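# An overview of the molecular structure
Listed here are the chains, written in short residue letters.
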Amino acid sequence: MAPMRRDGADVGWSLVVPLKPLVRAKSRLSGAAGEEFRPRLALAFALDTVTAALACKDVRDVAVVTDDGVAGERLAALGARIVPDTPAGGLNAALAHGAGAVRARRPGAAVAALNADLPALRPAELELVLHSASLFPRAFLADASDFGTTLLTATSGVELEPAFGGPSRARHLASGARELTMPGVPSVRRDVDTGDDLLAALALGVGPHTALQTPRLAVGAPAAAEAPDGAARLLPPQVRASGA
């Protein structure tokens, strides 16, 4: 169920997705992916995340906050709106800026901040989360570790107040946002920062852009003794159909 205006009109969610310049993105994956493939993986994660988000029937549009020209071009081709990161003040400043850009065009928009590193994201699971989020002024979903956050929402007329990074679950709880704890949405919680995270995403089944990149890691990954975070144990990816 999409959020509704007071007059009952279905307006849908506007998602704000932050993405660092690819040269700096996903630095903790260097051990698993190597410096050559790390930026490619970061872009693949974002492409699969945005593809799935746009396929969710409760999502009206997606705004990606980024200054990366290559990523911006590829994501715009999927149908995302690209918002330059003019604050250049870090993740939360980028999210607040993106939400402001959305509401400058559509003042009554319900907005949600979504991580860009959810390569296993499934539209149906995102729909379940957004439906639950629509019942509260602000809500969030913790990541798979129960430490961070993958999604933060604010309904019409409510400020997003993002507090991502590090122990953001605790910060979002302290800010008064309602934590969403429904089962059956692992793809919305599975962000990827490390080799072990990537293994877990591959086990869920990743989107086609990520699946295209991961087989190359077997060639470029360090030896097992040098790859404690799972790089040497990468599984063949299970590929979900785009939008499945």
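Since the structure is predicted, the reported quantities are computational estimates derived from the model, not experimental observations. (Residues numbered from 1 in each chain as written. Predicted model: local features only at pLDDT ≥ 70, side-chain atom pairs only at ≥ 80, totals over all residues. Heavy atoms only, no water.)

This next bit is on the overall build of the protein. Looking only at helices and strands, one finds nine helices and seven strands in the protein. Taking all contacts inside the protein whose residues are at least 6 apart in sequence as the whole, residues at least 24 apart take part in 67%. Of the roughly 10,400 Å² of accessible surface on the protein, a fraction of 56% belongs to carbon and sulfur atoms. (Helix = DSSP H or I, 4+ residues; strand = E, 2+ residues; numbered from the N terminus. Contact = heavy atoms within 4.5 Å. Areas by Shrake-Rupley, 256 points an atom, 1.4 Å probe, with all protein chains shown as cover.)

Okay, the environment of Val188 next. Topologically, Val188 is positioned in helix H6 (residues 186-189). We classify Val188 as buried; its relative accessible area is 0%. Along the sequence, Val188 and Asp117 sit 71 residues apart, while their C-alpha atoms lie 9.9 Å from each other. Ignoring anything within four residues of it in the chain, the contact list for Val188 reads Leu118, Leu121, Glu125, Leu126, Val129, Leu141 and Thr150. (Buried < 20%, exposed > 50% of the residue type's maximum accessible area, 1.4 Å probe, protein only.)

Below, the discussion takes up the nonpolar core. Of all hydrophobic cores here, the largest spans 37 residues; its most connected members are Leu15, Val62, Leu75 and Leu126. The biggest single contributor to this core is helix H1 (residues 30-55), with seven residues. Setting aside anything within four residues of it in sequence, one finds Leu15 in contact with Ala53, Val59, Asp61, Val62, Ala63, Ala112, Leu114 and Leu126. One finds Val16, Ala99, Phe140 and Leu152 within the second-largest nonpolar core, a separate group that totals 18 residues. (Core = buried A, V, L, I, M, F, W, Y, C linked by side-chain atoms within 4.5 Å.)

Looking now at the sheet that holds strand E6 (residues 149-154). Spatially, seven strands are ordered E3-E2-E1-E4-E6-E5-E7 in an open sheet, and the strand pairing comes out mixed. Looking along the sheet, the strands with just one partner apiece sit at the ends: strand E3 (81-83) and strand E7 (178-179). Alignment of strand E1 (residues 13-18) against strand E4 (residues 110-114), held across four bridges, turns out to be parallel. The residue of E4 that forms the bridge with Leu15 is Ala112. Contacts from helix H4 (residues 123-133) reach E1, strand E2 (59-65), E4, strand E5 (138-142) and E6 within the one sheet, and its direction differs from that of E6 by about 45°. (Pairing = 2+ DSSP bridges. Axes fitted to C-alpha atoms, helices over the stretch in contact; angles between N-to-C directions.)

Every buried residue of helix H7 (residues 195-204) is listed here: Gly195, Asp197, Leu198, Leu199, Ala201 and Leu202. Trailing H7 by a residue or two, Gly205 shows a phi angle of about 105°, which is positive.

Following both chains from N to C, one finds H1 and helix H2 (residues 69-78) inclined at 25°, their axes separated by 10 Å at the closest point. It follows from the interaxial angle that H1 and H2 lie roughly parallel. Like other packed secondary-structure pairs, H1 and H2 cross with a definite hand, here right-handed. Across the interface between the two elements, Leu43, Ala46, Leu47, Val50, Thr51 and Leu54 from H1 touch Val70, Ala71, Arg74, Leu75 and Leu78 from H2. Of the residues belonging to the contact of H1 with H2, the class tally is nine nonpolar, one polar and one charged. (Parallel < 35°, antiparallel > 145°, perpendicular 65-115°, else oblique. Left-handed = near helix turned anticlockwise from the far one by under 90°. Nonpolar A, V, L, I, M, F, W, Y, C, P; charged D, E, K, R; others polar.)

Before going further, it helps to spend a moment on the pairing of E6. Side chains on a regular strand alternate between the two faces of the sheet. Where burial is concerned, most of E6 is hidden: six out of the six residues are buried. Direction of pairing for E4 relative to E6: antiparallel, over a ladder of four bridges. In the sheet register, Ala113 faces E6, and the bridge partner there is Leu152. The pairing of E5 with E6 spans five bridges and is antiparallel.

The next thing to look at is the environment of His172. Tracing the sequence through the fold places His172 in helix H5 (residues 168-174). It is 9.3 Å that separates the C-alpha atoms of His172 and Gly148, two residues lying 24 residues apart in sequence. Excluding residues that lie within four positions of it along the chain, His172 makes contacts with Arg138, Phe140, Thr149, Leu152, Glu161, Pro162, Ala163, Phe164 and Ala177.

Looking at the protein as a whole, the pLDDT averages 88, with 84% of positions reaching at least 70. Taken as a whole, residues 1-10 scores under 50 in pLDDT and shows 16 contacts with residues more than four places along the chain or in a different chain. Per-residue pLDDT stays below 50 along residues 218-233; that stretch engages in 20 contacts with residues further than four places along the chain or on separate chains. (pLDDT = per-residue confidence, 0-100.)

It is worth spelling out unusual backbone geometry at this point. Backbone geometry places Asp146, a non-glycine residue, at a positive phi of 60°. The exposure class of Asp146 is partly exposed, given its relative accessible area of 42%. Non-glycine residue Glu161 carries a positive phi angle of around 50°. For Glu161, the location among the structural elements is in the loop between E6 and H5. Residue classification places Glu161 among the partly exposed residues on the basis of a relative accessible area of 46%.

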